[in-house]
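Residue strings, one per chain:
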Amino acid sequence: MPEDTTADKGRAYHTTSTGAALDTVTRHSKDEDITLFGSCFCPFVQRAWVVFEFLGIPYKVYEVDPYKKPKELLEVSPKGLVPGLRFNNVDPPRSLNESTVIMEFLEDLASETTRRSLLPPATNPYARALVRLQADHVNRNLVPAFYRFLQAQDTETQINTGKEFHQAIETLVGLFERAEREILGGGGVSGEGEQRALSKGLGLWIEGGELGWTDVMVAPWIYRAQLVLKHYRGFELPQTDRFNTWLRRLFTHQAFVATCSTDNLYLDSYERYAFNRPNTSQVANAINSGRGLP
Ligand SMILES: N[C@@H](CCC(=O)N[C@@H](CS)C(=O)NCC(=O)O)C(=O)O
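What counts and what doesn't
- Residues numbered from 1 in each chain as written.
- Predicted model: local features only at pLDDT ≥ 70, side-chain atom pairs only at ≥ 80, totals over all residues.
- Heavy atoms only, no water.
- Salt bridge = Lys/Arg side-chain N within 4 Å of Asp/Glu carboxyl O.
- Helix = DSSP H or I, 4+ residues; strand = E, 2+ residues; numbered from the N terminus.
- Buried < 20%, exposed > 50% of the residue type's maximum accessible area, 1.4 Å probe, protein only.
- Contact = heavy atoms within 4.5 Å.
- Polar contact = N/O pair within 3.5 Å; in protein donor to acceptor, adjacent residues only side chain to side chain.
- Pairing = 2+ DSSP bridges.
- Axes fitted to C-alpha atoms, helices over the stretch in contact; angles between N-to-C directions.
- Core = buried A, V, L, I, M, F, W, Y, C linked by side-chain atoms within 4.5 Å.
- Domains from an automatic or database assignment.
- Phe/Tyr/Trp six-rings, centres within 6.5 Å; stacked < 30°, edge-to-face > 60°.

Colleague: Hey, could you run me through the pattern of salt bridges in this one?
Modeller: Once the charged atoms of two side chains with opposite charge are near each other, the side chains can pair. This structure, assessed with the given rule, holds 14 salt bridges. Salt-bridge contacts for Arg11 lead to Asp268; the nearest nitrogen and oxygen are separated by 3.6 Å. Of the two residues, Arg11 is situated in the segment before α1 (19–27) and Asp268 in helix α11 (residues 263–269); the sequence distance between them amounts to 257 residues. The class of Arg11 is partly exposed, set by a relative accessible area of 25%. Note on Asp268: relative accessible area 15%, which makes it buried. Between Asp65 and Lys68 there is a salt bridge whose closest N-O contact spans 3.6 Å.

Colleague: I tried to follow the environment of Arg272 on my own but got confused; where do I start?
Modeller: Tracing the chain through its elements places Arg272 in helix α12 (residues 271–274). Look at Arg272 and you get buried, because its relative accessible area is 4%. Between the alpha carbons of Arg272 and Lys71 there is a distance of 25 Å; along the sequence they are 201 residues apart. Excluding its chain neighbours within four sequence positions, the residues that come into contact with Arg272 are Tyr13, Phe41, Tyr67, Arg277 and Thr280. Within the local environment of Arg272, its side chain forms a polar contact with the backbone oxygen of Ser269, the two atoms lying 2.7 Å apart.

Colleague: Would you explain the sheet that holds strand β4 (residues 94–97) in this entry?
Modeller: Paired through backbone hydrogen bonds, the strands of a sheet run either parallel or antiparallel to each other. An order of β2-β1-β3-β4 is seen for the four strands of this open sheet, with the pairing classed as mixed. Every interior strand has two partners, whereas the edge strands, β2 (60–63) and β4, have only one. Sheet twist, expressed as the average angle between the axes of neighbouring strands with direction ignored, equals 20°. As judged from the four bridges shared by strand β3 (residues 84–87) and β4, these two strands associate in the antiparallel manner. Within β4, the position partnered with Gly84 by the bridge is Asn97. Against the sheet, helix α4 (residues 99–112) contacts β1 (34–38), β3 and β4, and its axis sits at roughly 125° relative to β4.

Colleague: I keep staring at the nonpolar core and nothing clicks. Help me out?
Modeller: Nonpolar side chains tend to gather and get buried jointly when the protein is soluble and globular. Grouped together as the largest cluster of nonpolar side chains are 91 residues, with contacts concentrated most on Tyr147, Phe165, Leu211 and Trp246. If one sorts the elements of this core by residue count, helix α8 (residues 213–233) sits on top with 13 residues. Lining this core are residues from two domains, each supplying at least three of them: domain 1 (19–112) and domain 2 (125–288). Not counting residues up to four positions away in its chain, the partners in contact with Trp246 are Phe176, Leu204, Trp205, Asp215, Val218 and Ile222.

Colleague: Sorry if this is basic, but what is going on with the packing of aromatic side chains here?
Modeller: Two aromatic rings, taken as a pair, are described by how far apart their centres are and by the angle between their planes. Tallying each qualifying case throughout the model produces 23 aromatic pairs. Each ring, one from Phe243 and one from Trp246, has its centre 5.4 Å from the other, and the planes form 65°; the classification is edge-to-face. Separated by three residues within a single helix, Phe243 and Trp246 lie in helix α9 (residues 241–251), roughly one turn from each other. The buried category is assigned to Phe243, whose relative accessible area is 1%. Its relative accessible area of 1% is what places Trp246 among the buried residues. Among the aromatic residues, ring-to-ring pairing joins Phe146, Tyr147, Phe149, Phe165, Phe235, Tyr270 and Tyr273 into one connected group.

This is the structure we're talking about:
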């Protein structure tokens, strides 16, 4: 019998990773110059985590409960939000918070060390800007729409916020298509080598492309959409072949897979959002009061 998703079963969020993510935590439990403060269910953490994996930067991962706000978390992240980074081999220790700032930092660090990158090369500023337009849309529209939809309680609001989230995904697809058309579709691309060079940083939307900046920025919410929004709201992602191909590439990418826990962890951890339990989180409170996300 299918599970009744209309009643709050009072499930609690998880505090330790499971599945592939747990293996990754175990592999990254030795001290390193950088410690990633993370929580297994958190999509903002997953962004930073995927970037570490993809760029090949050494790190230790340290799982914390961000709602309990341990002192060591507050020392790296003033609002007690994950993700946070602590740089251990400097005295006094330094730290950083905010997932997008951490992504930028790791990208800059890798450009000097592992020489890997998620962005188009600096020699192609227009391509970089188009990718940043995509990321800006993800942060300003798609991510808040995800929470508005998940926290909506009455049917009419669920329908409207569901449409809004769906539209945010369609707009992102439009931005992927624009980058593909403007960077690769100009007719001036002569051979496979040039095509590959121009595709750099445009992400897995492109046939033969690698993981890109926007993929990482959005993947945690798309992953939770096909799992959590489907379960609690009956949501369906776009069904086109092109969209499904992108999803498959994204969700089977080694750097992403390495950071995913098992499905039940997400379903349990997001039940409090789906029933809009009071004081679920700073994100949930911001959505309920119409403020911007923390
Ligand atoms: N703007 C922050 C948001 C991070 C965030 O909201 N993290 C959540 C977990 S998913 C958290 O730490 N919540 C603790 C709380 O609400 O007090 C970022 O991008 O890093």
